[in-house]
Amino acid sequence: MAVIHVKSIEVAQQQIEVAIQLLFSARDVVAAHTLASASGRILIALADHRPAALDPNVYIRPGREDQVSDLMDRTMAFFQYPDQDAAAMLDGVQEEINDLMLFQCCQWYQALGNPLAPGMQAFMAWFVVMYPDLFIDDHPFKQRLAEADFSWLRTAPRAQQLSFGQKLLMANTQVG
């Protein structure tokens, strides 16, 4: 019988990385969402025991905080409390919520003093490229990408956007 030995932060990291892989391979959006939510709950619990402040709006452009918060709250509540109504249906939420949730998890993971894994770095770069208007101008990834024009990617079909993310992920994780 196998025995599992793993720290909570390692579980969160694995959940984030698998969710990123699912996202970029255009696979199960519900599984990606569930993994992102579970890692977020672990990171929030760990923050309760550490002095790190997990401000969800640290890099969000002023005036966009409510939009981000409303999306997150609506979908997380659906997955967190499914026993309240077995026939309940999450309706009208775009799959891009996973993009936002994974960004938040990567940000929290780093805020707790952990270096971003290569896959997380690739995701963060992709996310900032895809949603530049959400972020303040001095976001670290936004500053690194300031010279390039990715408008072609933002206007591309979702499948092409995810394919680009998959290529970025593969390139970033095959180092070494």
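This structure is a prediction, so every number in the text was calculated from the model and none was measured.

Q: Which parts of the structure should I look at to understand the overall build of the protein chain?
A: Per the secondary structure count, the protein chain includes 8 helices and 0 strands. Going residue by residue from the N terminus, the α and β elements of the protein chain occur as α-α-α-α-α-α-α-α. By the burial criterion, 38% of the 176 residues in the protein chain qualify as buried. Nonlocal contacts in the protein chain, meaning residues at least 24 apart in sequence, comprise 70% of its contacts between residues at least 6 apart. Of the roughly 10100 Å² of accessible surface on the protein chain, a fraction of 54% belongs to carbon and sulfur atoms.

Q: Which parts of the structure should I look at to understand the side chain of Asn98?
A: Within the fold, Asn98 resides in helix H4 (residues 97-111). Of the polar contacts made by the side chain of Asn98, one reaches the side chain of His33; its length is 2.9 Å. Once you skip the residues sitting within four places of it in the chain, Asn98 turns out to touch Leu23, Val29, Ala32 and His33.

Q: What exactly am I supposed to notice about the packing of helix H1 (residues 8-24) against helix H5 (residues 118-130) here?
A: A packed helix pair is summarised by two numbers, namely the angle formed by the two axes and the spacing between the axes. Following both chains from N to C, one finds H1 and H5 inclined at 50°, their axes separated by 10 Å at the closest point. By the angle between their directions, the pair H1 and H5 is classed as oblique. As for how H1 packs across H5, the hand of that crossing is left-handed. In this structure, H1 contributes Gln13, Ile16, Glu17, Ile20, Leu23 and Phe24 to the contact, and H5 contributes Gly119, Met120, Phe123 and Trp126. Looking at the contact of H1 with H5, its residues break down into 7 nonpolar, 2 polar and 1 charged.

Q: Explain unusual backbone geometry to me, please; I cannot follow it from the model alone.
A: For residues besides glycine, phi is generally negative; the peptide bonds are generally trans as well. In this structure, Ala26 takes a positive phi of about 55° despite not being glycine. The topology assignment puts Ala26 in the loop between H1 and helix H2 (29-47).

Q: Looking at this structure, I do not really get H2. What am I missing?
A: Between its first and last C-alpha, H2 extends 27 Å over 19 residues, near the 27 Å set by a 1.5 Å rise per residue. The distance from a side-chain oxygen at the start of H2 to the backbone nitrogen of Val30 is 3.0 Å, and the residue carrying that oxygen is Asp28.

Q: Looking at this model, I keep getting lost on the environment of Gln160. Mind explaining?
A: Mapped onto the secondary structure, Gln160 falls in helix H8 (residues 158-173). Taking the relative accessible area as the measure of exposure, Gln160 reaches 39% and is therefore partly exposed. Counting along the chain gives 136 residues from Gln160 to Phe24, while the straight-line C-alpha distance between them is 9.9 Å. With residues near it in sequence (within four places) discarded, Gln160 still touches Trp152 and Leu153.

Rules of the game
- Residues numbered from 1 in each chain as written.
- Predicted model: local features only at pLDDT ≥ 70, side-chain atom pairs only at ≥ 80, totals over all residues.
- Heavy atoms only, no water.
- Helix = DSSP H or I, 4+ residues; strand = E, 2+ residues; numbered from the N terminus.
- Buried < 20%, exposed > 50% of the residue type's maximum accessible area, 1.4 Å probe, protein only.
- Contact = heavy atoms within 4.5 Å.
- Areas by Shrake-Rupley, 256 points an atom, 1.4 Å probe, with all protein chains shown as cover.
- Polar contact = N/O pair within 3.5 Å; in protein donor to acceptor, adjacent residues only side chain to side chain.
- Axes fitted to C-alpha atoms, helices over the stretch in contact; angles between N-to-C directions.
- Parallel < 35°, antiparallel > 145°, perpendicular 65-115°, else oblique.
- Left-handed = near helix turned anticlockwise from the far one by under 90°.
- Nonpolar A, V, L, I, M, F, W, Y, C, P; charged D, E, K, R; others polar.
- Expected span 1.5 Å × (residues − 1).

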